[in-house]
Amino acid sequence: MTVTSGSCVLEKDPQNLIGISIGGGAPYCPCLYVVQIFDNTPASRDGTLAAGDEIVGVSNRTVKGRTKVEVAKLIQSIKGDVTINYNKLHAEPKQGKSLDIVLKKAKHRVIENMSSSTADALGLSRAILCNDSLIKKLEELERTARMYKGFVELTKKMLKAFYDVSQTHKQFGDVFTEIGVRDPQPNASETFMKFGESHRNLEKVAMTMVTTLKPMLNDLHTYLHKAIPDTRLTIQKYADAKFEYLSYCLKVKEMDDEECTYIALQEPLYRVETGNYEYRLVLRCRQLAREKFAKMRSNVLEKLELLDQKRVQHIVTQLQRFLSACLKYDQSCVEVMEPHQNLFPIEVDLFRNNSVFERAEVGGQSAASRPYADRSDQADQDEDDNPVSKSFQE
């Protein structure tokens, strides 16, 4: 730690205050120092003074040997601007982050889910940030993540279903087209060809539906795997900053209690008699932790607000996209099939159907190439030779 001297001029607010809390002073401590800089005050807006800085003079009047009450009254008695002469304490935050602070952070993580009465019973009456509503948002965020995960799984299943439907239409189209090509009757051939082409068009409609749903799945993936984890990480960083700030608050309270105990026993406390540098270092670390905590809290509030807005807009947009895609799919299917609703029924002569090609040689000529009359005569002859048929005729 190092110390440098300087001075700053502060303009009082309408309440005749400059916005600092003073500690130390006679009769126990040889120096007076800044305990806290309050928000939205002349001292905080000026930014020169910080917690832990020693106050050596007020408007060119020395304060050495005075009590903190006397110095406060001196500042209030001055009309207009106040000049503060100080010795600034320079210290790295890591110098004040002792093992005790680390253990206190772990303790605060444990008591986070405790009630306020339990926290007070454990001596954490100043830990007013226990049961923080922003930390509770983390649970809500997890529920939102599970909901979107369900959306993603459902969308994947729908994509698979529409793809299977498209392949089924394709297979139907291939089969009916093949039947139409092979059927010898012009009417039946044309009907099967049209029906096969309709199923191929239905395949294109289904694939269009799949193409429409794919961006919806990508958007859900982006929200689930980028937006939510980023907000979750911000909340975790905020919680860590909050626990560190609470740990320094608890450390300051313990050191205050220790000082009060020694004063009550009328015994000297070495760190106080030598300038209370350890206490002032903790005060500086508490101020820095508080600034970090306030910044992280602002970031969390902003991200949660944006995430909530995006979630509502995102769900509405995706549902509208899905409904419009379903409506378009239904209308397209109707447009494809409506012109062909009178194609059936059709008459098919099964005896003249050459869809099955048999190459059984009968008398040097295939059965498929023999005249229809010859095959009919042969069928009648086979029927006459059949004893079951004869008995039925008798």
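Calculation rules
Residues numbered from 1 in each chain as written. Predicted model: local features only at pLDDT ≥ 70, side-chain atom pairs only at ≥ 80, totals over all residues. Heavy atoms only, no water. Axes fitted to C-alpha atoms, helices over the stretch in contact; angles between N-to-C directions. Helix = DSSP H or I, 4+ residues; strand = E, 2+ residues; numbered from the N terminus. Left-handed = near helix turned anticlockwise from the far one by under 90°. Contact = heavy atoms within 4.5 Å. Nonpolar A, V, L, I, M, F, W, Y, C, P; charged D, E, K, R; others polar. pLDDT = per-residue confidence, 0-100. Patch = residues over 30% accessible without salt bridge, like charges linked within 9 Å, V, L, I, M, F, W, Y side chains within 5 Å. Areas by Shrake-Rupley, 256 points an atom, 1.4 Å probe, with all protein chains shown as cover. Salt bridge = Lys/Arg side-chain N within 4 Å of Asp/Glu carboxyl O. Buried < 20%, exposed > 50% of the residue type's maximum accessible area, 1.4 Å probe, protein only. Phe/Tyr/Trp six-rings, centres within 6.5 Å; stacked < 30°, edge-to-face > 60°. Core = buried A, V, L, I, M, F, W, Y, C linked by side-chain atoms within 4.5 Å.

Novice: Can you help me understand the packing of helix H4 (residues 99–111) against helix H7 (residues 186–264) in this one?
Specialist: Contact geometry for H4 and H7: axes closest at 8 Å, N-to-C directions at 120°. The chirality of how H4 crosses H7 is right-handed. Contacts between H4 and H7 pair Asp100, Ile101, Lys104, Lys105, His108 and Arg109 from the former with Asp240, Phe243, Glu244, Leu246, Ser247, Tyr248, Leu250, Lys251 and Glu254 from the latter. Of the residues belonging to the contact of H4 with H7, the class tally is 5 nonpolar, 2 polar and 8 charged.

Novice: Which parts of the structure should I look at to understand the confidence of the model for the chain?
Specialist: Fine structural detail should not be taken from predicted coordinates in areas where pLDDT scores are low. Counting all residues, the mean pLDDT for the chain is 80, and 82% of those residues have values of 70 or more. Confidence over residues 386–394 falls short of pLDDT 50; this stretch has 3 contacts with residues more than four positions distant or in other chains.

Novice: I would appreciate a short explanation of a nonpolar patch on the surface in the present structure.
Specialist: Taken together, Met1, Val3 and Tyr277 make up a surface patch of nonpolar side chains, about 280 Å² in accessible area. If you trace the backbone, valine 3 turns up in strand S1 (residues 2–10). A relative accessible area of 42% places valine 3 in the partly exposed class.

Novice: Any chance you could explain the packing of aromatic side chains here in plain terms?
Specialist: Any two aromatic rings considered together are summarised by their centre-to-centre distance and by the angle between their planes. One pass over the full model with this rule turns up 9 aromatic pairs. Judged by centre distance (5.5 Å) and plane angle (25°), the ring pair of tyrosine 238 and phenylalanine 293 falls under stacked. Of this pair, tyrosine 238 sits in helix H7 while phenylalanine 293 sits in helix H9 (residues 277–337); the two residues are 55 residues apart in sequence, bridging distant segments of the chain. With respect to burial, tyrosine 238 and phenylalanine 293 carry one shared label: buried. Looking at phenylalanine 293, the relative accessible area reads 8%, which means it is buried. These aromatic residues form a ring-pair network of at least three members: Phe172, Phe176, Phe192 and Phe195.

Novice: Teacher, can you tell me more about the pattern of salt bridges here?
Specialist: Pairs can form between side chains of opposite charge once their charged atoms are near each other. Across all of its chains, the model carries 19 salt bridges by this definition. Of the charged contacts, one joins lysine 97 and glutamate 244 as a salt bridge, the two residues approaching to 4.0 Å between their closest N and O atoms. Residue lysine 97 is located in the loop between helix H3 (93–96) and H4, and its partner glutamate 244 is located in helix H7; the two are separated by 147 residues in the primary sequence. Judged by its relative accessible area of 38%, lysine 97 is partly exposed. The partner of glutamate 142 in a salt bridge is arginine 232, and the shortest N-O contact between them spans 2.8 Å. Of this pair, glutamate 142 sits in helix H6 (residues 133–182) while arginine 232 sits in helix H7; the two residues are 90 residues apart in sequence, bridging distant segments of the chain. For glutamate 142, a relative accessible area of 28% corresponds to the partly exposed category.

Novice: When you look at the nonpolar core in this model, what are you seeing that I'm missing?
Specialist: Buried together is how nonpolar side chains tend to be arranged in soluble globular proteins. By size, the foremost hydrophobic cluster in this structure holds 54 residues, and its most contacted members are Tyr33, Phe162, Leu213, Leu283 and Tyr329. Going through the elements one at a time, strand S3 (32–37), H6, H7 and H9 are the ones with two or more residues in this core. Ranked by residues supplied to this core, first place goes to H7 with 21 residues. Apart from the residues lying within four places of it in its own chain, the contact partners of tyrosine 329 are Phe162, Val165, His169, Val205, Ala206 and Met209. Cys8, Leu10, Leu74 and Tyr86 belong to the second largest nonpolar core, which has 20 residues in total.

Novice: Is there a simple way to think about the side chain of glutamate 259 in this case?
Specialist: Structurally, the position occupied by glutamate 259 is in helix H7. Leave out the neighbours within four places in its chain, and glutamate 259 touches Leu269, Arg271, Val272 and Asn276.

Novice: Would you mind going over the environment of valine 102 with me for this structure?
Specialist: Considering the arrangement of structural elements, one finds valine 102 in helix H4. Judged by relative accessible area, which is 42%, valine 102 ranks as partly exposed. Residues valine 102 and serine 247, 145 residues apart in the sequence, show an inter-C-alpha distance of 8.0 Å.

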